[in-house]
Amino acid sequence: KIPSAPSKFGRAVEWRFGGYKILLGCDLIIFKSSAQPDSPFSSLKLLPRGEVPTRSKRLDVWLENVMCDIPSVVWGSPPAQSRSKRGLEDVRIQNTADLPVCDAPEEEGEEFSPESTLDHGRRLLEFLKDECVKDGGTYCLCREASGRPTRLLDMSPDVEEAPQQGVRSSMALPLASLCFRMAQQGTGEDQRRLWKKGLQLLEPFRKEKAHSSVYAMGALRLAQLCISAGLEEARSATGGESGAPFKEEVLLLLREALQQLEGAFSVLAPWYFFDVTPDVSSPGDGEPRSPQMGPSEPSVELETTNAVPPDGRGDAFADRRAGMEILRQAHAAYADAIIQLVKYCVVPVHVAWVSHGNREAGPQDVPKRKRVSVALLLVRLFWLSRAQISLGHLPDTKRKRECGYLEQSLLEMTGDALFALSCFTEKEAEELVGERGPCREGRSVVRYAANNLREWAHQQRQKCPQAKAAPKPRARRNRKSKTQPAEPLPAEAALAAAAERMAGLDPFRGLWDTKLAHAQYASDGRRATLFGSSGRAESLVVFERAAKLHGGATTEAAVTVYRKLAHLYNEAGAEKLMQPNSSGRIAAVEGFLVKAYHYMTQAQDNENASRVVLNLAKLFLDEATVSSEGFAQSEFTHHQYSMYRKGIACTEQATKLNSSLGRREHAMAQLKLGVHLMQFARHQERIGPPDTKRAPGSAPEKGGFLAVDSSPPTETLGALANRHLSRALKGFGEIGESREMAGCHYHLATLAQQELEAVAGREWTTSAQAKQSVAVRHCQKALEVFSVDSEHLREHLDVTVKLAALTAAAPRRGGASSDLAAVGMLVEAEGRIL
């Protein structure tokens, strides 16, 4: 059975032709032949039954045999299908040297000259030798079927010549198809170069209905490859002095991706100029209409509608559904390219500018640096708004299913930019974006930022001679020159090149400029609201949307968003706490801090969640301390007790989250509550009911650690004070705080002394005697810590006087005077002090 011809070259052949040594691919079928004694090999060529080889076939076989050094060829015809016989029919053998001469009488004049053929080949090789002069260059040699001139196409990577508009060639389409097919099998830079070359060849045909979809798909594929390559370059970067991972190649690749996608949008414009609703006219702002994906316009209708564009081009694409899919992929890729551009180019350049300026600028440069920093942040928001516009063209289902990561990244970056702008006050915003400021209009913002980046790049080049402006690619290199590896530039040089490249990127690119000028965070009218507290509130809203998209996941990206939200809510609570006291201030601060705690726990950061809860505890304890200013000082209110209990609950929760935090704060909160209750225990027996006139705090979630019992306690204030002071003593004992333990002993002795004073003049009972003994022991425990030295002298005197008073309060026993015993203690203490 005769095998089929291979689809690819089956072997490589080294052909020596004159002074040339050429490596060729060959798919020639070769068999052994016993009829040739000089060489056992013959090539095989099949012909239809009854036909003789034509001049072109003989020339083709002769060239192949000469190149492969095969002395003969076997001509044969396959057997008829009706016969069961296998093998070849009409087989005949012909020497390679006899192929130029025609052996059929009817083909007179069909000979060819071997010498002339080889001479043409020699001249062609000389031509290629003179023209193919680039090291590592790639060329395509072709000739049209109806023309004699042979054309050489330069497909080298450093050729940046713009395609000639309007120049059409019959070879352009097959060559473009060839480039696309080769690109699908290539990798790396060669693959991108082939896609780009194919698009250049297809440029004159891109607006024709038969080729526009192919051009758009090629541009989309090239853009996707550039985005992937840029991402790999960025991740492999080591970063500059400031640690920002920036590479100039990343910016160039992403810029190429944006240009290709914008070219695809221009080809896919027919989708913009019609709408599913018949009463909508063509856009009047000069820009292509983008489908508004929202509840009022289902995206499914865009796929199934039979509406045609206003100009009647109903057959703009052969496959409407495939064209819509290309458009959607282009929108997603466009947003992805912008996100990577902001992440790996815009932000690192801004960070480097800030880092170097902080070291080099003086106090007189601060106002200008603020203006430039605001301009760079606004430019970043312009880019992100452009990405948001691109994602807005996608149906909601596709955005959620396939573009969730892009949406999350976009919201996070937008929130970062808004938070950075919110660090500037409203007064500074008026100077920057007001009528006389440099950032009052979007395009002026871009120009102001670009001019300052170029100025900074010039300063960096002055410091480092190697930091030159980005060179333009040369059209050709000498054939004998050798490519030298590029030496890494110094940090100043790299930063200068980065700033120069960034200054040339304009977010107002002629596509969607009107939409961008009216975008939420790029509008001139809303720019002043991006600063100060309003800007911070806006950043909170954006981060909340990002957190909602993560859906409680614990990925690294989700945890980063949760941390940022927790930080913002913690800062918002601190800012609200510094404002003048009002009826809802405490409730608002509590709400902010509770949200900060919630997101810290979602981020599984128990240590910082514990710190947030301690801040919440401080809020409640401070409120319990100062809330009595609006009430009579003779009463300890239910609101104060609730605030204390919430503070204590927060310290307990902090200890549960992190055992090394909150234990001292918990004991101190118990001590404060006990002392406060003790101060009112002389004239107040119990805590009254809640005050309905006071504004309630925020309602905690059921079962949360803030869900304390709102009913008033039934114990007396003295019993409550004793309970909390005892808990404080236990807490300080667990952490080894001896001085605070002595303070608890002193306050417990004071509480017992108050209870003894309440029964003074009555019969001395066993209960009173027990209280007196307990109080004396507390004083003695306190004296063990408060020794007679300069550090604890005052505390030593206070405890000694209290111990003497407790001793004097006891009844006389056996004629002995309690007063004399108390005086003896004081005299002894005086002697120790002296």
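Residues numbered from 1 in each chain as written. Predicted model: local features only at pLDDT ≥ 70, side-chain atom pairs only at ≥ 80, totals over all residues. Heavy atoms only, no water.

## Details of the overall build of the protein
Logical step 1: Along its length, the protein carries 26 helices and eight strands.
Logical step 2: Put simply, the protein has 834 residues, and 44% of those count as buried.
Logical step 3: In the protein, the share of contacts with a sequence separation of at least 24, taken over all contacts with a separation of at least 6, comes to 68%.
Logical step 4: Counting only carbon and sulfur atoms, one obtains 52% of the accessible surface of the protein, whose full area is about 44500 Å². (Helix = DSSP H or I, 4+ residues; strand = E, 2+ residues; numbered from the N terminus. Buried < 20%, exposed > 50% of the residue type's maximum accessible area, 1.4 Å probe, protein only. Contact = heavy atoms within 4.5 Å. Areas by Shrake-Rupley, 256 points an atom, 1.4 Å probe, with all protein chains shown as cover.)

## Details of helix α18 (residues 585–602)
Logical step 1: Under the 1.5 Å per step criterion, the end-to-end length of α18 is 26 Å for 18 residues, consistent within 8% with the ideal 26 Å.
Logical step 2: Turning to α18, the residues buried within the fold contact α16 (532–550), α17 (556–577), α19 (606–626) and α20 (638–657).
Logical step 3: Two residues or fewer past α18, Q604 is found with a positive phi of approximately 60°. (Expected span 1.5 Å × (residues − 1).)

## Some thoughts on the sheet that holds strand β5 (residues 72–77)
Sheets are built from strands that pair by backbone hydrogen bonding, the pairs being arranged parallel or antiparallel.
Logical step 1: Ordered in space as β3-β4-β5-β6, the four strands form an open sheet in which the pairing is mixed. Each of the sheet's edge strands pairs with one partner strand only, and the pair in question is β3 (30–32) and β6 (89–95). With direction set aside, neighbouring strand axes in the sheet form an average angle of 35°.
Logical step 2: Two elements, β3 and strand β4 (residues 41–46), share three bridges in a ladder whose sense is antiparallel. Of the residues in β4, the one forming a bridge with K32 is F41. (Pairing = 2+ DSSP bridges. Axes fitted to C-alpha atoms, helices over the stretch in contact; angles between N-to-C directions.)

## Digging into the side chain of H666
Logical step 1: Considering the arrangement of structural elements, one finds H666 in helix α21 (residues 663–680).
Logical step 2: You can call H666 buried: its relative accessible area is 18%.
Logical step 3: Apart from the residues lying within four places of it in its own chain, the contact partners of H666 are I648, T651 and E652.

## Thoughts on the confidence of the model for the protein
A low pLDDT means the predicted coordinates there should not be read in detail.
Logical step 1: Summing up the model confidence of the protein, the mean pLDDT is 78 and the portion of residues at 70 or higher is 77%.
Logical step 2: Across residues 272–318 the pLDDT falls below 50, and counting only partners more than four positions away or on other chains, this stretch makes 71 contacts in the model.
Logical step 3: Segment residues 695–703: pLDDT under 50, and 11 contacts once partners within four positions in sequence are set aside and those in other chains are kept. (pLDDT = per-residue confidence, 0-100.)

## Structural notes on the packing of aromatic side chains
Logical step 1: This structure, assessed with the given rule, holds 12 aromatic pairs.
Logical step 2: Taken together, a centroid distance of 5.5 Å and an interplanar angle of 85° make the contact between Y334 and W512 edge-to-face. In this pair, Y334 sits in helix α8 (residues 320–360) while W512 sits in the loop between α14 (491–503) and α15 (513–517), placing the two residues 178 residues apart along the sequence. Accessibility classification places Y334 together with W512 in one group, the buried group.
Logical step 3: Each member of the aromatic cluster is reached from another via a ring pair, and the members are Y562, Y569, F592 and Y599.
Logical step 4: Taking NZ or CZ as reference, R369 lies 4.1 Å from the ring centre of W353, over its face. (Phe/Tyr/Trp six-rings, centres within 6.5 Å; stacked < 30°, edge-to-face > 60°. Lys NZ or Arg CZ within 6 Å of the ring centre and 35° of its normal.)

## Brief notes about helix α11 (residues 404–422)
Logical step 1: Helix length check: α11 (19 residues) gives 27 Å between terminal C-alpha atoms against 27 Å at 1.5 Å per residue, within 8%.
Logical step 2: Across the 19 residues that make up α11, a large majority, 15, are buried.

## A few points about the side chain of H639
Logical step 1: Among the secondary structure elements, H639 is positioned in helix α20.
Logical step 2: Within the structure, H639 has its side chain in polar contact with the side chain of E623 (distance 3.2 Å). (Polar contact = N/O pair within 3.5 Å; in protein donor to acceptor, adjacent residues only side chain to side chain.)

## Focus on a nonpolar patch on the surface
Logical step 1: Taken together, L124, F127 and L141 make up a surface patch of nonpolar side chains, about 220 Å² in accessible area.
Logical step 2: You can see L124 is positioned in helix α2 (residues 114–131).
Logical step 3: Using a relative accessible area of 32% as the deciding quantity, one classes L124 as partly exposed. (Patch = residues over 30% accessible without salt bridge, like charges linked within 9 Å, V, L, I, M, F, W, Y side chains within 5 Å. Salt bridge = Lys/Arg side-chain N within 4 Å of Asp/Glu carboxyl O.)

## A look at the environment of C179
Logical step 1: Position of C179 relative to the elements: it lies in helix α3 (residues 172–185).
Logical step 2: On the basis of relative accessibility, which here comes to 3%, the residue C179 falls in the buried class.
Logical step 3: When residues no more than four places from it in sequence are discounted, the contact partners of C179 are M155, L194, K197, G198 and L201.

## Considerations on the nonpolar core
Logical step 1: Counting 170 residues, the largest nonpolar core has L341, W383, F636 and L677 as the members making the most contacts within it.
Logical step 2: With 19 residues, α8 is the largest single contributor of residues to this core.
Logical step 3: Excluding anything up to four places from it in sequence, L677 contacts F636, Y641, I687, L717, L720, A721 and H724.
Logical step 4: Counting 13 residues, the second-largest nonpolar core is a separate cluster that includes A752, A782, V799 and L803. (Core = buried A, V, L, I, M, F, W, Y, C linked by side-chain atoms within 4.5 Å.)

## Here's the deal with the environment of E623
Logical step 1: Following the sequence through the fold, E623 ends up in helix α19.
Logical step 2: Between the C-alpha atoms of E623 and H639, which are 16 residues apart in sequence, the distance is 9.4 Å.

## Description of unusual backbone geometry
Logical step 1: Phi is positive for W512, close to 65°, though the residue is something other than glycine.
Logical step 2: For W512, a relative accessible area of 0% puts it in the buried group.
Logical step 3: The phi angle at Q604 is positive, at roughly 60°, despite the residue not being glycine.
Logical step 4: Checked against the element boundaries, Q604 lands in the loop between α18 and α19.

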